[in-house]
Every structure is written in C-alpha cells, then in structure tokens.
Number of protein chains: 2
Amino acid sequence: MDEHFLFYIPPEDIREERMWFPEEEVRHIGKVLRKQAGDFVQATDGTGRLLDVELIVVDKKKAAGEIVQSREISAGPERVLAMGLIRQRDRLEFAVEKAVELGVTRLVLVHSDHSGTMTVKPARIEKTIISAMKQSRRCHLPVWEERDSFYDVLSAYRDNRTVIMADPEGVTSRDWHPGRNPALLMVGPEGGFSGKEKDQAIASAAQFVNLGSNRLRTETAACALLTLAGV
Amino acid sequence: MDEHFLFYIPPEDIREERMWFPEEEVRHIGKVLRKQAGDFVQATDGTGRLLDVELIVVDKKKAAGEIVQSREISAGPERVLAMGLIRQRDRLEFAVEKAVELGVTRLVLVHSDHSGTMTVKPARIEKTIISAMKQSRRCHLPVWEERDSFYDVLSAYRDNRTVIMADPEGVTSRDWHPGRNPALLMVGPEGGFSGKEKDQAIASAAQFVNLGSNRLRTETAACALLTLAGV
C-alpha cells in the first residue's frame, strides 16, 4: 500500500464500491506513480472514509478502482475560521491551504470593511482546498463559503460558539486558553478590522486575542490562531 | 508620522544621524508614498532602534534623511529555528517570511538527510528576511545561516537550550508547554527527519512534539511550532 499519496473521489462518483478516477488524476496514477491494474492506492471520499482501492483499469486516458477496505476516520473538533479577503491571490490561496492543513472545518471568506472590492474565484478555492486535504491526509473535506460582511458571519455562527478575534489590542496569547466550546475564529484582512466590526464583535461577547507584538499578515494570523485553538 | 511603512537602513549606512536611503527605496518614498523633503518616515537599523526620520532630500534618484528621534525596542525572547531545506523555492521563501513574522531570531537552513541536493541563494533569503522584518514592524534583523546537517545544528546550539523536534510520534501539543529555557526548534523537510537525525536528537535530550493528526508541510510545521513556542 502506497501511503504517501491520498486520492480524492467525490462520493457521488463511487457506485457499488467502484469508481473512475477524475481525469486530472489519471496521469498521476499511470505516469507519475507508475501504477498498474492490480496495484493499490489510498483514497478518501471526503466524508471521513479512508479507502484502500485496488486498481482494475489503468491506461493513458482512464483509471478505475474498487474499494477493498474502508475505515471511518474521526472528524476531529469543529474549527470555523472567518477571514477577511485579501487582494493578493497567491497569499489568499496560501491562507486557504494552511487553514486546511491546520484543521479548519469551515472556512468563511469575508468581504470585510477593509478588504476592498474583489471577486473570489470558487474553482480556485475548491481546487486549493482539495489539494491541501489530500496533501495533509485529511479524510474530511472542509466546507467554505463567501460572506458579504463580518456582521453576516457573526449572525450566522455566534450562537453556541465562543467568538475569538485576532487583534493587537487583545489579551496576549500566553494568557489566553481556548475553552471547550466550539469557537468562531476571526482574522482581519490587510489593514485589520474596522471600528464597526470590532464593535459588532464586542456585542457578540468576543474575546480579543493579541498574537504578539509583530504585525502579522492575514495568512500568518490565520495560521497562528488555528494553532493556538489547538492543532 | 506615517506608521504604516517601516524602512530599513543598515547601521553602517547611518553617519552622524544622517543616511541615504537604499536605491530600491527611493521610488517607494517619492512615487508611492509621495513624500517630500520635510516629511517624516519611520525606519529601523535592525539593531533594535526605531527611528523617526525627517526627509531632507527627495528626488527621482535619491533620498536622504536625518534622525530626529530614536527609541530602543526590546528584543523579545530568543527563537532559534532549524528547518530542513525544501526544494520549492516559493515555499522556502514563504517559510522564511513566516518565521520572521512569528518572531524567529536565528533561522538555520539545514541540508538534512531528506532535503536532497539544493543550492541556497543567499541574496533571496536576505531580501525575504528584510522585507518580512519591515512588514511585521520588527526592529531586530533576524540572522540566518546554512548548515550541512541537523547534527551540525545540534552540536552548535543544543547547549543550554531545550531541543524541540516536530514529529508525528511526539507528545500532542496540548500536553506540551514550552519551558522558560531558550529553545532550539527543529522542523524537518518534506519527508521528515531520518531515523539517524531522530537518534541524534534523542541523544541531545530532545522533546518530540506532535503538531496534530494532519500531515503538515514544512512551512506549516514551522508556523505552528513558532506559534506554540510563544508568539
């Protein structure tokens, strides 16, 4: 069993324990990994199943397999991260990748007061999430969504969650301990949160956490806050 | 005073409290920030001094200033991070940038057993470090070096330091608390540490810390370990 690579097969593509691999994986299976029919690979359907798959067809254009074993992997704690959108796409995609590696279960990309006008490209975000899930060997595909404001995010997710806002004026992270409650983690865009956004967070009983004396970029603050919330 | 940008002036370029700005900053001062003689900017010399500088010359080709105020900024705790070299240069530079933001004081890039053969480009590393120092508003320029092996790193830095190795077989990070001693933080390259490297770490009384059940890329593990060591 080659445990280095984990393939992703959407659950709707699995019929009676058999599947065709997505087109973009076929070259990887045949040319890169040099797998043949009869060889095994590991895959997940993103719903928590870790699958041992026997390849039954491998040629230049297609690859098919059959599940020979399936294990349920526990989901781990819920981690909701709401992050202000940043204009630099490489940094945005990096933030998405790192959030997935560090255990985010729901990623909310927010058009916040200081984000400026920008368009999110869903296909790029999805591709980055799937790639990071495979790379980090997670078996649960994180979900993501886009929201028009942090106020929307608070309205949707504050109930039964501790709201944690990364902000230079907060308590130092050494003095902060994530509670047992599920958390809504919030990280601002370049330029940080607006006064209005902070006021709305205060009205939602948010805890403000200071991630140190250095000014952090958005993607760095996201990494640090997810780590502190418990990797 | 414009506190958004922090300029870097190497100490050897400051004579009797006056300096010429480096060539690559001149356009930034004049064209981007639209500063003129008589305006003020903030700068650091990387030795802990935060400087208020009055511009005395700004034209298309040069810019000069004079220090009107200087404050000593405390250095913060020592953070030595030794990281296995990774081949993808964008990820390596990202790791360097994030390490600086998250407070590294000495970054050791290591040709480790699983790093493969690669050449470090010092000018790229230095540029990335300076850029991240300015961005994160640090006033102490982190130092960096290249080492041929983790064994070299241990020999050079284990004395009087707690050796912390990020490894899936370690204790979970929830059960680990960074001590008061200075630490030598070690993160492996893609593919992790070799058995020999782990044995050498054990012989140096290393603590092994597990950064969670997800497989983390090198740069992600570096972010997480620096965060746990205390941002």
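Residues numbered from 1 in each chain as written. Chains lettered and ligands numbered in written order. Predicted model: local features only at pLDDT ≥ 70, side-chain atom pairs only at ≥ 80, totals over all residues. Heavy atoms only, no water.

- Chain A goes by Ribosomal RNA small subunit methyltransferase E in an unreviewed UniProt entry, where it is assigned to Natronogracilivirga saccharolytica.
- Annotation of chain A in UniProt includes, under Function (unreviewed entry), the sentence "Specifically methylates the N3 position of the uracil ring of uridine 1498 (m3U1498) in 16S rRNA. Acts on the fully assembled 30S ribosomal subunit."
- Recorded in UniProt under Subcellular location (unreviewed entry), the annotation for chain A is "Cytoplasm". (UniProt positions renumbered as here; feature names shortened; annotations may be inferred.)

1. With respect to the packing of aromatic side chains
Residue and element names in this part refer to chain B.
So, point 1. Under the definition given, this model contains five aromatic pairs over all chains.
So, point 2. An angle of 80° between the planes, with centres 5.6 Å apart, marks the rings of phenylalanine 7 and phenylalanine 21 as edge-to-face. Residue phenylalanine 7 is found in strand E1 (residues 2-8), and its partner phenylalanine 21 is found in the loop between strand E3 (18-20) and helix H1 (23-32); the two are separated by 14 residues along the sequence. Each member of the pair, phenylalanine 7 as well as phenylalanine 21, is classed as buried.
So, point 3. Lysine 98 extends its terminal NZ or CZ atom over the ring of phenylalanine 94, reaching a point 4.6 Å from the ring centre. (Phe/Tyr/Trp six-rings, centres within 6.5 Å; stacked < 30°, edge-to-face > 60°. Helix = DSSP H or I, 4+ residues; strand = E, 2+ residues; numbered from the N terminus. Buried < 20%, exposed > 50% of the residue type's maximum accessible area, 1.4 Å probe, protein only. Lys NZ or Arg CZ within 6 Å of the ring centre and 35° of its normal.)

2. Topic: the sheet that holds strand E8 (residues 106-110) of chain A
Residues and elements named next belong to chain A.
So, point 1. Ordered in space as E9-E8-E7-E11-E10-E12, the six strands form an open sheet in which the pairing is parallel. The open sheet terminates on both sides in strands that have one partner only, identified here as strand E9 (143-147) and strand E12 (207-210). Each strand axis lies, on average, 30° off the axis of its neighbour in the sheet, ignoring direction.
So, point 2. Pairing of strand E10 (residues 162-172) with E12, which is carried by five bridges, proceeds in the parallel orientation. Each bridged residue has a counterpart across the sheet, and for isoleucine 164 the counterpart in E12 is glutamine 207.
So, point 3. Of the strands in this sheet, strand E7 (80-84), E8, E9, E10 and strand E11 (183-187) are in contact with helix H4 (residues 150-157), which crosses E11 at around 175°. (Pairing = 2+ DSSP bridges. Axes fitted to C-alpha atoms, helices over the stretch in contact; angles between N-to-C directions. Contact = heavy atoms within 4.5 Å.)

3. Section: the relation of the copies chain A and chain B
So, point 1. By a simple turn and slide, chain A fits onto chain B: the slide is 0.0 Å along the axis, the RMSD is 0.0 Å, and the turn is 180°. The superposition operator between the copies reduces to a two-fold rotation axis.
So, point 2. Interface overlap between copies: 100% of the residues of chain A at the interface are likewise at the interface in chain B, consistent with a symmetric, same-surface contact. (Least-squares fit on C-alpha atoms with pLDDT ≥ 70 in both.)

4. Observations regarding helix H3 (residues 122-135) of chain A
All names here are of chain A.
So, point 1. Under the 1.5 Å per step criterion, the end-to-end length of H3 is 20 Å for 14 residues, consistent within 8% with the ideal 20 Å.
So, point 2. Those residues of H3 not exposed but buried are Ile125, Thr128, Ile129, Ala132, Met133 and Lys134.
So, point 3. Phi for arginine 137, located one or two positions after H3, is positive at around 60°. (Expected span 1.5 Å × (residues − 1).)

5. Looking at the domain arrangement of chain A
All names here are of chain A.
So, point 1. Its domain assignment divides chain A into domain 1 (2-72) and domain 2 (80-228).
So, point 2. Placing a centre on the C-alpha atoms of domain 1 and another on those of domain 2 gives a separation of 33 Å.
So, point 3. On the domain 2 side, the residues contacting the 14 residues of domain 1 number eight residues.
So, point 4. Taken together, both faces of the contact between domain 1 and domain 2 bury some 860 Å²; the carbon and sulfur share is 58%. (Domains from an automatic or database assignment. Buried area = accessible area lost by both parts, 1.4 Å probe.)

6. Brief notes about a positive patch on the surface
So, point 1. A cluster of basic residues, Arg27, Lys31, Arg34 and Lys60 of chain A, forms a positive patch at the surface.
So, point 2. As for its placement among the helices and strands, lysine 31 of chain A is situated in helix H1 (residues 23-32). (Patch = residues over 30% accessible without salt bridge, like charges linked within 9 Å, V, L, I, M, F, W, Y side chains within 5 Å. Areas by Shrake-Rupley, 256 points an atom, 1.4 Å probe, with all protein chains shown as cover. Salt bridge = Lys/Arg side-chain N within 4 Å of Asp/Glu carboxyl O. Lys, Arg positive; Asp, Glu negative; His and termini not counted. Charge placed at Lys NZ, Arg CZ, Asp CG, Glu CD.)

7. What about the environment of histidine 111 of chain A?
Residue and element names in this part refer to chain A.
So, point 1. Examined against the element boundaries, histidine 111 turns out to sit in the loop between E8 and H3.
So, point 2. Along the backbone, histidine 111 and glutamate 146 are 35 residues apart, and their C-alpha atoms lie at a distance of 7.7 Å.
So, point 3. If near-sequence neighbours (up to four positions away) are discounted, histidine 111 is found in contact with Leu85, Met118, Val120, Glu146, Arg147, Asp148 and Ser149.
So, point 4. Of note is the side chain of histidine 111, whose polar atom sits 2.7 Å from the side chain of glutamate 146. (Polar contact = N/O pair within 3.5 Å; in protein donor to acceptor, adjacent residues only side chain to side chain.)

8. Considerations on the sheet that holds strand E7 (residues 80-84) of chain B
All names here are of chain B.
So, point 1. The strand order E9-E8-E7-E11-E10-E12 describes an open sheet built from six strands, whose pairing is parallel. Of all strands in the sheet, those bounded by a partner on one side alone are strand E9 (143-147) and strand E12 (207-210). Direction aside, neighbouring strands of the sheet carry axes that sit 30° apart on average.
So, point 2. In this structure, strand E10 (residues 162-172) lies alongside strand E11 (residues 183-187), joined through four bridges in parallel fashion.

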